[in-house]
Amino acid sequence: QKSMHSWLNAVPAMDAIEQFLKDSKSNTEPERLPNAAALSLAKQVSLEDVCLTYDGRKRPALDQVNLSFPARTTTVIIGQSGGGKSSLADVLMGLVMPNSGHLRIDGQALQGPMVHSWRAKVAYVPQDIFMYHDTIRQNLLMAKPTATALELGEALEKSAAGFVLDLP
């Protein structure tokens, strides 16, 4: 009786886990093609008539956005909370595809296997940092498991974290 009672209490959790796994599987992206062409940015990243509305929301996070970001420049996006800054970053990184409109890299619409190549070339630094409970080296290797010590040192220097090299 006690075992049956425990099992019945666990059923809703199991149902939730099974639904999560089913949803995850249905939203899985296609695997990266090993011979996919490398994507490079020479001129600009642009958004053309980009609209993004999240499921269950009436108001779009991005509505008819048209922007261009020249290559090798820095752009700061500021605005009120809920103004679409994070959604814009998600679209620019190729993490979220717009409902309509296009993200273009040097005029070429980002789609299909190009998405993986683009994601390998962009980085996002959130306002809130997160590190796994491990060494800094192991945290860095999560981004590029095959990185050499020299590459890790260069990454630290470029991110103004060169001081880490002097830590024990």
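This text goes with the structure placed above it.
Every chain is numbered on its own, with residues counted from 1 as its sequence reads. The model is predicted, so local features are restricted to residues of pLDDT at least 70 and side-chain atom pairs to those at 80 or more, both for listing and for counting; the totals for chains, interfaces and linings are taken over all residues. With hydrogens and water set aside, each side-chain value is computed from the structure's full complement of heavy atoms.

## What to know about a nonpolar patch on the surface
There is a patch of nonpolar side chains on the surface, built from Met-14, Ile-17, Phe-20 and Leu-21 and spanning about 430 Å² of accessible area. Note on Phe-20: relative accessible area 57%, which makes it exposed. Think of a patch as exposed residues, more than 30% relative accessible area, with no salt bridge, where like charges cluster within 9 Å and nonpolar side chains (Val, Leu, Ile, Met, Phe, Trp, Tyr) cluster within 5 Å. The protein chains shown are the only cover counted for residues, whose accessible areas, like all others here, come from Shrake-Rupley with a 1.4 Å probe. Whenever Lys or Arg places a side-chain nitrogen within 4 Å of a carboxyl oxygen from Asp or Glu, that contact is recorded as a salt bridge. Buried, partly exposed and exposed residues are distinguished by accessible area as a fraction of the type maximum, computed with a 1.4 Å probe on protein chains only: under 20%, between the cut-offs, and over 50%, respectively.

## Structural notes on the nonpolar core
Residues enter a nonpolar core if they are buried and are Ala, Val, Leu, Ile, Met, Phe, Trp, Tyr or Cys, with the set joined through side-chain atoms within 4.5 Å. Core analysis: the largest hydrophobic core is formed by 17 residues, its most contacted members being Leu-47, Leu-103 and Leu-110. Only runs of H or I of at least four residues qualify as helices and only runs of E of at least two qualify as strands under DSSP, and these elements are numbered from the N terminus. Looking at this core, the elements that each hand over two or more residues are β1 (44–52), β2 (62–70), α2 (85–93), β3 (100–105) and α3 (114–119). Per-element tally for this core: the top contributor is β1, with 4 residues.

## Topic: the sheet that holds strand β4 (residues 108–109)
Strands were regarded as paired on the criterion that DSSP finds at least two bridges between them. Spatially, 4 strands are ordered β2-β1-β3-β4 in an open sheet, and the strand pairing comes out antiparallel. In this open sheet, the two edge strands, each paired with only one partner strand, are β2 and β4. Where β1 and β3 come together, 5 bridges link them in antiparallel fashion. Its bridge partner being in β3, Val-45 is matched across the sheet by Ile-105. Lying on the sheet, α2 is in contact with β1, β2 and β3; it crosses β1 at an angle near 125 degrees. Residue contacts are defined here by distance: any two heavy atoms, one from each residue, within 4.5 Å place the two residues in contact. Structural elements are reduced to axes, namely lines fitted to C-alpha atoms, with helices fitted over the stretch in contact, and the angle between N-to-C directions of any two is expressed from 0 to 180 degrees.

## Some words on the environment of Tyr-132
Along the polypeptide, Tyr-132 turns up in the loop between α3 and α4 (136–141). Distance in space between the C-alpha atoms of Tyr-132 and Met-142 is 9.8 Å, their sequence separation being 10 residues. Contacts of Tyr-132, omitting those with residues within four sequence positions, involve Asn-139 and Met-142.

## Description of the pattern of salt bridges
Under the counting rule described, the total for this entry stands at 2 salt bridges. Of the charged contacts in the structure, one is a salt bridge between Glu-48 and Arg-104, with a shortest N-O distance of 2.7 Å. With a gap of 56 residues between them, Glu-48 in strand β1 and Arg-104 in strand β3 connect regions that are remote in the sequence. Overall, Glu-48 belongs to the partly exposed group, its relative accessible area being 32%. Among the ionic pairs, Glu-151 bridges to Lys-144, the shortest N-O distance being 3.0 Å.

## Section: α2
If you check which residues of α2 are buried, you get Ser-87, Leu-88, Ala-89, Val-91, Leu-92 and Met-93. On its buried face, α2 is in contact with β1, β2, β3 and α3. Positioned one or two residues after α2, Gly-94 has a phi angle of 80 degrees, which is positive.

## With respect to the side chain of Ser-46
Inspection of the secondary structure puts Ser-46 in strand β1. Given a relative accessible area of 5%, Ser-46 falls into the buried group. In this structure, Ser-46 is in contact with Leu-67, Ser-68, His-102, Leu-103 and Arg-104, ignoring residues within four places of it in sequence.

## A few points about the environment of Ile-136
Here Ile-136 is to be found in helix α4. A sequence separation of 29 residues divides Ile-136 from Leu-165, and the C-alpha atoms of the two residues are 10.0 Å apart.

## Quick word on the environment of Ile-105
With respect to the helices and strands, Ile-105 occurs in strand β3. The sequence separation of Ile-105 and Ala-42 amounts to 63 residues, and the corresponding C-alpha distance is 8.6 Å. Beyond its immediate stretch of four places on either side in the chain, Ile-105 contacts Leu-39, Ser-40, Leu-41, Gln-44, Val-45, Leu-110 and Trp-118.

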